[in-house]
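This is what each chain is made of:
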Amino acid sequence: MLIVMELAATPEEVAHVVKQVENRGYIAKQIPGGQRVSIGVLNNKGAVEKAVFMGLAGVKEVIPVTRAYKQVSREFQPKDTIVTVGDAVFGIGHFPIIAGPCAIESAEQALTIAHAVKAAGAVAFRGGAYKPRTSPYSFQGMGLAGLKILKKVREETGLVVATEVMDLETFDAVEEYTDILQIGTRNMQNFSLLKRAGKAQKPVMLKRGMAATIDEWLMAAEYILQGGNSQVILCERGVRTFVNHSRNTLDISAIPVVQKESHLPIIIDPSHAAGRRDQVLQLSRAAAAAEANGIMVEVHHDPDNAVSDGAQSLYPEQFETLCQQVQAVFNSYDH
Ligand code: PEP
Ligand code: MN
């Protein structure tokens, strides 16, 4: 439930409402908004007594939140969340491009790619240090050494860095070294990880599970907000379908649906959706046309010899073209 205060409500009246909410064993959360103060009521088991709150001084309206996810919903917070990390701004009116290799392979590889993607227009570098691989025999990532390379990339290029956090054991280290914590598709419903991400001091990019509905995805994001971290970026990376012309099927309709249901920014990962580089440019333009809040693209200077996801990684020249075209699409409509 959402308690909307009058424009002229005094701080004492707001404090009194908060106290009344807490006295009933609920959690009161102030919602960022325009000039008005709104207080979200959380943790109620059943319906909250609307009339009691309507009767309090300074209260304008009491609105029930009908969705199962509360804090991520637009009902709860009508205003868009903008996640700002250095030069990367995720939210309405911006189109940040994150790029980098699937995995960090060496300092030289990471820096070569980072300089190239920065020159093309990327604002953030993404490379995996801990890799969730289908086969235990595949390269599992460089681990801590990879995190240290990410730090070096940030120092040398000024780019914001992002990497995947796979488990609780390595969470602290990943949080220390990276600017954006990625939770991958296979971990979207790893509830222990989501709870830990709720305590993190860094923004979280939550990928959609490969067979998750949008409701399940938003409920997963709710765990992170419930834990206290409201800096969440959603990432659509394709869902599994019957098709065999691509690795997954990019669900472009997730963009308007998520933006209607939630105030959180949503970006698109065309690389894991396609699984092959010849579709990445078109899918990226489609993401911009559908008003996504950014994209994340795999790029490698030598994809034929990449340790993972080489087939879907763009050559730096292709990435440069992509940045220009996507920017042109983004500039072609009003924000
Ligand atoms: C990745 O981003 O490299 C990755 C493993 O992605 P996903 O979790 O979407 O498969
Ligand atoms: Mn990958």
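Note: the structure precedes this text.
Residues numbered from 1 in each chain as written. Chains lettered and ligands numbered in written order. Predicted model: local features only at pLDDT ≥ 70, side-chain atom pairs only at ≥ 80, totals over all residues. Heavy atoms only, no water.

(A) Inspection of the sheet that holds strand β4 (residues 59-63) at higher detail. Strands sit in the order β2-β3-β1-β4 across an open sheet of four strands; the sheet is antiparallel. Every other strand in the sheet has two partners, leaving β2 (27-31) and β4 as the edge strands with one partner each. Shown here is a sheet whose adjacent strand axes are inclined to one another by a mean of 25°, direction ignored. Where β2 lies against strand β3 (residues 38-42), five bridges are found, and the strand directions are antiparallel. (Pairing = 2+ DSSP bridges. Helix = DSSP H or I, 4+ residues; strand = E, 2+ residues; numbered from the N terminus. Axes fitted to C-alpha atoms, helices over the stretch in contact; angles between N-to-C directions.)

(B) Main features of the pattern of salt bridges. One pass over the structure, following the stated rule, counts 14 salt bridges. The residue lysine 60 makes a salt bridge to glutamate 61 at a minimum N-O spacing of 3.8 Å. Note on lysine 60: relative accessible area 35%, which makes it partly exposed. Of the charged contacts, one joins aspartate 278 and arginine 276 as a salt bridge, the two residues approaching to 2.7 Å between their closest N and O atoms. A residue is classified by how much of its surface remains accessible, and aspartate 278, at 47% relative accessible area, is partly exposed. For arginine 276, a relative accessible area of 36% corresponds to the partly exposed category. Linked through salt bridges whose partners overlap, the residues forming this network are Asp172, Glu175 and Arg196. (Salt bridge = Lys/Arg side-chain N within 4 Å of Asp/Glu carboxyl O. Buried < 20%, exposed > 50% of the residue type's maximum accessible area, 1.4 Å probe, protein only.)

(C) Spatial organisation of helix α1 (residues 11-23). With 13 residues, α1 should cover 18 Å at 1.5 Å per step; its first-to-last C-alpha distance of 18 Å lies within 8% of that length. Along α1, the positions that sit buried rather than exposed are Val14, Val17, Val18, Gln20 and Val21. Buried residues of α1, viewed axially, fall in a sector of 160°; they line one side. Away from its buried face, by an angle of more than 90 degrees, α1 presents the exposed residues Pro11, Glu12, Lys19 and Asn23. Those residues of α1 that are buried are in contact with β1 (2-5), β2, β3, α2 (50-54) and β4. Backbone geometry just downstream of α1 places glycine 25 in the positive-phi region, at approximately 90°. (Expected span 1.5 Å × (residues − 1). Arc of directions from axis to C-beta. Contact = heavy atoms within 4.5 Å.)

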